[in-house]
Structure formats: structure tokens, C-alpha cells
Amino acid sequence: MQLPDGRTDLQWVGGRHIGQVCSVIARERLVERGWTVAQVLQLVDEHRKTLRVDVDPAEQRDPLAWLVWLIRRTIGQDQLSPSLQAQRDRDQARAENESRRAEAAQRRQEIEAQRPEIDRIIADMHRRFPRRPRPRRS
């Protein structure tokens, strides 16, 4: 694998065919959930720092299987990448704002439709309860 910093990190593949690596990526739905190789490997590295005993991938009988185990431990099954999650949050907030605006517009229309009744009630109130003159202060 070619990492963003230019180094090649083949220790995870352990001589496995690239198709097997692609199958893992597809099975874990990493691309659909917005994850990049750099993000996955960064999270795996951060998780490895928390382990009591860290084993070098080259010492593993099946480094790819160990990588898959680490990915599953590091990234939740339905966890989206930060960028995709932010996009979904923005889309949801936009939809909620549009819904609130539509509700407010509907409410304004309802109030406007009731305007004659409201005006009649206010006029009746003014007729029944006229304003009293305020006493003057000396």
C-alpha cells in the first residue's frame, strides 16, 4: 500500500494477493463509509498505542487478518468517516431548517387566513374595554 507520506507499508499485506485486500475493504464497507487508507491506518496506529502488548505485523501468521481485527476494533461497524459524518450532519441540519421554515410559512398563512376574525376580536375588545386616560403626574 502506498501511504500519503510516500512510504510503502507492505507489512500489513503479508504477501497476500491485492484482491484479498480489496475484498476486506469491500466487506468492511470502508469506501462507502468515506474512509481513506490514511485515516484507517492512523486510527489503527492510535489504537495499537493503547494495547498492552503490541505485536509487529511482520510477526503475525496472517498480518492481513490482524489488520482486519484492528480495523474492526478501531472503527465501528457503521461508523462513518469524519468528513462523511460532517456532510450527513450538514444535510440533516439543512433539512431540519427547511422543515422549520415550511412550518413557519404554513403557520403565517393560517394566521393571515384568520386575520379578519383576529381584527374583529381586537375591535370588540377595544369597544368593550376602552383605554382610560392616564393620570398626569405633577
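Residues numbered from 1 in each chain as written. Predicted model: local features only at pLDDT ≥ 70, side-chain atom pairs only at ≥ 80, totals over all residues. Heavy atoms only, no water.

## What to know about the overall build of the chain
Move 1: Secondary structure assignment for the chain yields 5 helices and 0 strands.
Move 2: Taking all 138 residues of the chain together, the buried fraction comes to 20%.
Move 3: By sequence separation, contacts in the chain at least 24 residues apart represent 69% of the contacts at least 6 residues apart.
Move 4: A total of about 11000 Å² of accessible surface is found on the chain, and carbon and sulfur atoms cover 51% of it. (Helix = DSSP H or I, 4+ residues; strand = E, 2+ residues; numbered from the N terminus. Buried < 20%, exposed > 50% of the residue type's maximum accessible area, 1.4 Å probe, protein only. Contact = heavy atoms within 4.5 Å. Areas by Shrake-Rupley, 256 points an atom, 1.4 Å probe, with all protein chains shown as cover.)

## Quick notes on unusual backbone geometry
Move 1: In this structure, R29 is a non-glycine residue whose phi angle is positive, near 55°.
Move 2: Looking at the element boundaries, R29 is found in the loop between helix 1 (18-27) and helix 2 (37-50).

## Here's the deal with a nonpolar patch on the surface
Move 1: Taken together, I121, M125 and F129 make up a surface patch of nonpolar side chains, about 310 Å² in accessible area.
Move 2: Structurally, the position occupied by F129 is in the segment after helix 5 (115-128).
Move 3: On the basis of relative accessible area, F129 is assigned to the exposed category, the value being 54%. (Patch = residues over 30% accessible without salt bridge, like charges linked within 9 Å, V, L, I, M, F, W, Y side chains within 5 Å. Salt bridge = Lys/Arg side-chain N within 4 Å of Asp/Glu carboxyl O.)

## What to know about the side chain of H47
Move 1: In this structure, H47 sits in helix 2.
Move 2: When residues no more than four places from it in sequence are discounted, the contact partners of H47 are L70, R73 and T74.

## Let's talk about the nonpolar core
Move 1: L30, V40, V44, L67, I71 and I75 are the most contacted members of the largest nonpolar core, which totals 14 residues.
Move 2: Of all the elements in the fold, those that place two or more residues in this core are helix 1, helix 2 and helix 3 (63-74). (Core = buried A, V, L, I, M, F, W, Y, C linked by side-chain atoms within 4.5 Å.)

## Some details on the environment of R127
Move 1: Relative to the elements of secondary structure, R127 occurs in helix 5.
Move 2: A distance of 2.3 Å separates a polar atom in the side chain of R127 from a polar atom in the side chain of D124. (Polar contact = N/O pair within 3.5 Å; in protein donor to acceptor, adjacent residues only side chain to side chain.)

## What to know about the packing of helix 4 (residues 82-113) against helix 5
Move 1: Here helix 4 crosses helix 5 at 55°, and the two axes come no closer than 4 Å. Relative to helix 5, the element helix 4 is oriented oblique. Taken together, the residues of helix 5 that come into contact with helix 4 (itself represented by I111, E112 and A113) are R115, P116 and I118.
Move 2: Residues that form the contact of helix 4 with helix 5 fall into these classes: 4 nonpolar, no polar and 2 charged. (Axes fitted to C-alpha atoms, helices over the stretch in contact; angles between N-to-C directions. Parallel < 35°, antiparallel > 145°, perpendicular 65-115°, else oblique. Nonpolar A, V, L, I, M, F, W, Y, C, P; charged D, E, K, R; others polar.)

## With respect to the confidence of the model for the chain
Move 1: Mean pLDDT for the chain: 84, with 87% of residues reaching 70 or above.
Move 2: Taken element by element, the chain is modelled with least confidence in helix 1, mean pLDDT 84, and with most confidence in helix 4, mean pLDDT 94. (pLDDT = per-residue confidence, 0-100.)

## So, the side chain of E28
Move 1: With respect to the secondary-structure elements, E28 resides in the loop between helix 1 and helix 2.
Move 2: In this structure E28 comes out as buried when scored by relative accessible area, which is 12%.
Move 3: Side-chain polar atoms of E28 contact the side chain of R72, separated by 2.7 Å.
Move 4: Those residues within four positions of E28 in sequence are excluded, and the remaining contacts are R33, V68 and R72.

## Description of the pattern of salt bridges
Pairs can form between side chains of opposite charge whenever their charged atoms are close.
Move 1: This structure, assessed with the given rule, holds 8 salt bridges.
Move 2: Between E117 and R120 there is a salt bridge; the shortest N-O distance is 2.7 Å. Remark: R120 and E117 occur in helix 5; sequence separation between them is 3 residues, near one turn of the helix.
Move 3: D124 is the partner of R128 in a salt bridge, and the nearest nitrogen-oxygen pair spans 3.7 Å. Placement of the pair is R128 and D124 together in helix 5, with a separation of 4 residues, close to one helical turn.
Move 4: Since its relative accessible area comes to 52%, R128 is described here as exposed.
Move 5: Beyond isolated ion pairs, a larger network of salt bridges with shared partners links D124, R127 and R128.

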